[in-house]
Amino acid sequence: MSAPTRQPVLFIGHGSPMNAIEQNRWSDALRALGTRLSRPAAVLVVSAHWLVPGSWVTAQAAPGTIHDFGGFPPELFAVRYPAPGAPALAESIAQASAGRIRTTTEWGLDHGCWSVLRHLFPQADVPVLQLSLDERATLAQHAELGASLAALRDQGVLILGSGNIVHNLGHAFRAWRAGDTATPDWAGRFDRAVATALQSADRVAATIAAAQQPDAAQSHPTPEHFLPLLYAVGASDARDRVEFPIEGFDMGSLSMRSVCFRSGAD
């Protein structure tokens, strides 16, 4: 048997759940990105939409598709992403975490996960696990947990954070209703500041520092869409080059910037 292919680390700006079923700039870009990825042994997704006390990893053989939203057309609720799970890998992740991560079968694949994966891996034939966001953890602790998962890359596991670098849903809906597609200055500044931080020599510290700047509060009234980025940054290392395969804003203030940390061997 050949050795597993070292996998890159991704952060995907997932935006509206409708991107899962619409052909648009964002879904086309995700499908194009999928063609650049080698097939992983499994995908470990950290989604903005699973924020709970503690760090949990899904451990069922067939995780269900969760429709964790409302007010969308029936076609979106009909979507299923029937990827297999990876119970043995989940147990291995939990055992290696010194008690920081526990397994669960009480969650499945939420839309932060499947709305992205159905474009990256449309056949739904790659095993998928989700890791929760611990609502009690600090920014540094989220990044540290991401770093503890980095060795999975050499086992062929693709680590994928799913959120948005700028996510002010209140502003986005107000702008959308008003027909205003302009990106506010604060959103553009924060998106650029984070992009710069990701290219820094100490990208973990720089990204955490960016989250403390004045535009951060307006860019993230709540933190859950920023936190998955810290797992991706933490799981990267000095060998990785930083790429932005997708850039731009949707609905005015939803940054759709995606990030790929890829080494020469990926």
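See above for the structure.
Residues numbered from 1 in each chain as written. Predicted model: local features only at pLDDT ≥ 70, side-chain atom pairs only at ≥ 80, totals over all residues. Heavy atoms only, no water.

Remarks on the pairing of strand E10 (residues 258-262)
(1) Moving on: With respect to burial, E10 is a largely interior element, five of its five residues being buried.
(2) Moving on: Here E10 shows no split at all, with Ser-258, Cys-260 and Arg-262 on one side and Val-259 and Phe-261 on the other all buried.
(3) Moving on: Relative to E10, strand E1 (residues 9-13) runs antiparallel, the two being bridged by three bridges. Bridging across to E10, Phe-11 finds its partner in Val-259. (Buried < 20%, exposed > 50% of the residue type's maximum accessible area, 1.4 Å probe, protein only. Helix = DSSP H or I, 4+ residues; strand = E, 2+ residues; numbered from the N terminus. Pairing = 2+ DSSP bridges.)

Topic: helix H3 (residues 87-96)
(1) Moving on: All of the buried residues along H3 are Leu-89, Ala-90, Ile-93 and Ala-94. The buried residues of H3 occupy an angular sector of 135 degrees when the element is viewed end-on, so they sit on one face. In H3, the exposed positions angled more than 90 degrees off the buried face are occupied by Ala-88, Gln-95 and Ala-96.
(2) Moving on: Elements that come into contact with the buried residues of H3 comprise strand E2 (42-52), strand E3 (55-58), strand E4 (101-104), strand E5 (128-134) and strand E6 (157-163).
(3) Moving on: The positive-phi residue at the C-terminal boundary of H3 is Ala-98, with phi of around 55 degrees. (Arc of directions from axis to C-beta. Contact = heavy atoms within 4.5 Å.)

Let's talk about the packing of aromatic side chains
(1) Moving on: By the definition in use, this model includes six aromatic pairs.
(2) Moving on: Look at Phe-69 and Phe-72: their rings are 5.4 Å apart centre to centre, the planes differ by 75 degrees, and that puts the pair in the edge-to-face class.
(3) Moving on: Relative accessible area serves as the criterion here: at 26%, Phe-72 is assigned to the partly exposed category.
(4) Moving on: Among the aromatic residues, those joined into a cluster by ring pairs are Phe-69, Phe-72, Phe-77 and Trp-114.
(5) Moving on: Positioned over the ring face of Phe-244 is Arg-257, at 4.7 Å from the centre of the ring. (Phe/Tyr/Trp six-rings, centres within 6.5 Å; stacked < 30°, edge-to-face > 60°. Lys NZ or Arg CZ within 6 Å of the ring centre and 35° of its normal.)

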